Amino acid sequence: MARFMTIALLAALFGLSACSNPGTYPLGSDQCKPTDPVLTMDANDCMVPGT
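These notes cover the structure that comes with them.

**Details of the overall build of the protein chain**
Looking only at helices and strands, the protein chain has 1 helix and 0 strands in total. Expressed as a percentage of the 51 residues in the protein chain, the buried residues total 4%. When the accessible surface of the protein chain is summed, it comes to about 4800 Å², and 67% of that surface belongs to carbon and sulfur atoms.

Given below as structure tokens:
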């Protein structure tokens, strides 16, 4: 079971770290728009639940 999880995690890591062109999202290859809310995100916007 541990070996399967290791392989699954490695596959997910390589799949999610896919290369993309600037101005596109890596998984969907959709074009980024000037109104996308992620463009204004900051590290302070990411909060750990329970803190």
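Moving on from the model shown.
**Section: the side chain of Asp36**
Within the secondary structure, Asp36 is located in the segment after α1 (2-16). One polar contact links the side chain of Asp36 to the main-chain amide nitrogen of Lys33, over a distance of 2.9 Å. With near-sequence residues (within four places) excluded, Asp36 lies in contact with Tyr25 and Gln31.

**Regarding a nonpolar patch on the surface**
A contiguous nonpolar patch, built from Met1, Phe4 and Met5 and spanning about 400 Å² of accessible area, is present on the exposed surface. Considering the arrangement of structural elements, one finds Met5 in helix α1.

**Some points on the environment of Leu39**
By the element assignment, Leu39 lies in the segment after α1. Residues in contact with Leu39, not counting those within four places in the same chain, are Lys33 and Pro34.

Parameters at a glance
- Residues numbered from 1 in each chain as written.
- Predicted model: local features only at pLDDT ≥ 70, side-chain atom pairs only at ≥ 80, totals over all residues.
- Heavy atoms only, no water.
- Helix = DSSP H or I, 4+ residues; strand = E, 2+ residues; numbered from the N terminus.
- Buried < 20%, exposed > 50% of the residue type's maximum accessible area, 1.4 Å probe, protein only.
- Areas by Shrake-Rupley, 256 points an atom, 1.4 Å probe, with all protein chains shown as cover.
- Polar contact = N/O pair within 3.5 Å; in protein donor to acceptor, adjacent residues only side chain to side chain.
- Contact = heavy atoms within 4.5 Å.
- Patch = residues over 30% accessible without salt bridge, like charges linked within 9 Å, V, L, I, M, F, W, Y side chains within 5 Å.
- Salt bridge = Lys/Arg side-chain N within 4 Å of Asp/Glu carboxyl O.

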